[in-house]
Amino acid sequence: MNRDRDLRWAEHPVVIVVAPTGAEVTREHNPAVPYTPEEIAADVAACHAAGAAVAHLHVREADGTPSASAELFKSAVDQIRESCDIVTMVSTGGAMGMTIEERSTGLEARPDMSGIETGSLNFGRDLFPTLPHETEGIAARAAELGIPLEIEAFEIGHIDAALDFARRGVLPAPLRINIVVGCPGALAATSANLIAAVGALPDDATWCVTAIGRHQTRMLTLGLLLGATCVRVGFEDNVFLRKGQLAESNAALVAQIAAIARSVGREPATVAQARELLSLPQAAGVGR
Ligand code: KMH
Ligand code: ZN
């Protein structure tokens, strides 16, 4: 952990990211998971009102099946933009078993940001592969469309790979890196792992903490104390508000982390502050 970064832990508000839907979680896990673009947009608007400034999006068919439909992504992004000014970010991780082409369709919805994987991992008992040429392909299409990227780092090596992509000009600086801990089969949700991952970041990177399942609140609170630019909540990662109690909504998870952030001296960032912190244009659609 970089000493200066550590001492600057509370110098700016914290961006709350919500990941409302994901690809693997279903209504059997929590009946409040939004599926349709209408449901996603209404859910995201409630999360925005509760303090979220960025929405990380996946889309589903009406029955909850993970989808690669560009139309569904466009519908979700457009409806969110009609209801609030939250920063929209699409996933290019998609769902297990999707091809890289299927994973890339969200870019065509012209979101404000996109996620990008910089390496492969085991995801539970399955392989979640992203080869270098696939990262390069997504980065190239995002660059054509003027879409800023966030690296999804499930392993510390994914940060090292991102640095290499940046050195080769594939990923533009400053890097935005989402450190994901607690994904079964990848980097475990331990304090030491999170601190080690933060220590691997370049000085000019912004960074987010995502933690899977019961580790969410603890790891995000640690992230708040370490100076994370962003913390991410939502059903994609965790469906419980606390042990044994399902969250009634994504907004309840946002409200919970907003209260924790305030209690340790970190105000939730407004959308304008989030755009500034993440080096994004100040308005949706700018630059395209
Ligand atoms: N659904 C996972 C296979 C991302 O959004 O970039 C991949 C995922 C990560 O959710
Ligand atoms: Zn995702």
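Everything discussed here concerns the structure shown above.
Residues numbered from 1 in each chain as written. Chains lettered and ligands numbered in written order. Predicted model: local features only at pLDDT ≥ 70, side-chain atom pairs only at ≥ 80, totals over all residues. Heavy atoms only, no water.

A. Quick peek at the pattern of salt bridges. Evaluation of the coordinates by the stated rule reveals 15 salt bridges. For the salt bridge of Arg141 with Glu108, the shortest nitrogen-to-oxygen distance reads 2.8 Å. Pair noted here: Arg141 is in helix α5 (residues 132-145) and Glu108 is in the loop between α4 (100-103) and β6 (113-117), with a separation of 33 residues, a long-range link. Owing to a relative accessible area of 29%, Arg141 belongs among the partly exposed residues under this scheme. For Glu108, a relative accessible area of 34% corresponds to the partly exposed category. Glu136 serves as the salt-bridge partner of Arg168, at 3.2 Å between the closest nitrogen and oxygen. Residue Arg168 is found in the loop between α6 (156-167) and β10 (176-181), and its partner Glu136 is found in helix α5; the two are separated by 32 residues along the sequence. Residues joined by salt bridges that share partners form a network here, namely Glu108, Arg110, Arg141 and Glu144. (Salt bridge = Lys/Arg side-chain N within 4 Å of Asp/Glu carboxyl O. Helix = DSSP H or I, 4+ residues; strand = E, 2+ residues; numbered from the N terminus. Buried < 20%, exposed > 50% of the residue type's maximum accessible area, 1.4 Å probe, protein only.)

B. The side chain of Arg176, seen in detail. Take Arg176: it is sitting in strand β10. With no salt bridge to any partner, buried Arg176 finds its closest opposite charge in Glu150, at an N-O distance of 7.7 Å. The residues contacting Arg176, other than those within four sequence positions of it, are Met113, Pro148, Leu149, Glu150, Ile151, Thr206, Leu278, Ser279 and Leu280. (Lys, Arg positive; Asp, Glu negative; His and termini not counted. Contact = heavy atoms within 4.5 Å.)

C. Highlighting the coordination of the zinc ion (ligand 2). With distances of 2.0 to 2.1 Å, the protein atoms coordinating the zinc ion (ligand 2) are His56 (NE2), His58 (NE2) and Glu236 (OE). Each of the four donor atoms around the zinc ion (ligand 2) contributes to a set of angles spanning 94 to 132°, which defines the coordination as tetrahedral. Mapping the donors of the zinc ion (ligand 2) onto the primary sequence yields the spacing H-x1-H-x177-E. With a gap of 180 residues between them, His56 in strand β2 (residues 54-57) and Glu236 in the loop between β12 (230-233) and β13 (240-242) connect regions that are remote in the sequence. (Donors = N, O, S within 2.8 Å, 3.2 Å for Na, K, Ca; no water. Tetrahedral: all angles 85-135°; square planar, octahedral: opposite > 155°, others 65-115°.)

D. Structural view of the nonpolar core. Counting residues in hydrophobic clusters, the biggest one holds 72 residues, and the most contacted among them are Leu171 and Ile179. It is helix α9 (residues 250-263) that contributes the most residues to this core, seven residues altogether. Residues in contact with Leu171, not counting those within four places in the same chain, are Ile116, Thr118, Ala139, Leu149, Ile151, Ala162, Phe165 and Ala166. Counting residues in hydrophobic clusters, the runner-up holds 14 residues, among them Ala53, Cys208, Ala274 and Leu278. (Core = buried A, V, L, I, M, F, W, Y, C linked by side-chain atoms within 4.5 Å.)

E. Layout of the site of ligand 1. Every one of the 14 residues lining ligand 1 counts as a neighbour, but Glu24, His58, Ser91, Gly94 and Glu117 are closest to it. For ligand 1, an oxygen atom lies 3.1 Å from a polar atom in the side chain of His56. Taking Glu236, its side chain carries an N or O atom lying 3.1 Å from an oxygen atom of ligand 1. Coverage of ligand 1 by the protein amounts to 97% of the 300 Å² it exposes when considered alone. In a pocket analysis with a 2 Å cut-off to the grid points, ligand 1 is assigned to the largest pocket. When the residues that make up the shell around ligand 1 are grouped by side-chain class, the tally is five nonpolar, five polar and four charged. (Near = heavy atom within 4 Å. Polar contact = N/O pair within 3.5 Å; in protein donor to acceptor, adjacent residues only side chain to side chain. Areas by Shrake-Rupley, 256 points an atom, 1.4 Å probe, with all protein chains shown as cover. 1 Å grid on protein atoms, 1.4 Å probe; cavity = no way out; pocket = protein on both sides within 12 Å on 5 of 7 lines; lining within 4 Å. Sits in = over half its atoms within 2 Å of the grid points. Nonpolar A, V, L, I, M, F, W, Y, C, P; charged D, E, K, R; others polar.)

F. Layout of the layout of surface pockets. Space inside the largest pocket adds up to approximately 590 Å³. Lining the largest pocket are 35 residues, and of these Glu24, Phe123, Ile212, Glu236 and Asp237 sit closest to its centre. Looking at the lining of the largest pocket, the elements that each hand over two or more residues are β6 and β10. Broken down by element, the residue count for the lining of the largest pocket peaks at three residues, all from β6. By residue class, the composition of the lining of the largest pocket is 15 nonpolar, 13 polar and seven charged. The volume enclosed by the second largest pocket comes to roughly 180 Å³. Lining the second largest pocket are Arg5, Arg8, Glu11, His12, Asp203, Asp204, Ala205, Thr206, Trp207, Gly227, Thr229 and Leu277. By residue class, the composition of the lining of the second largest pocket is three nonpolar, four polar and five charged. (Points joined across faces, edges and corners; volume = space filled by probe spheres on them.)

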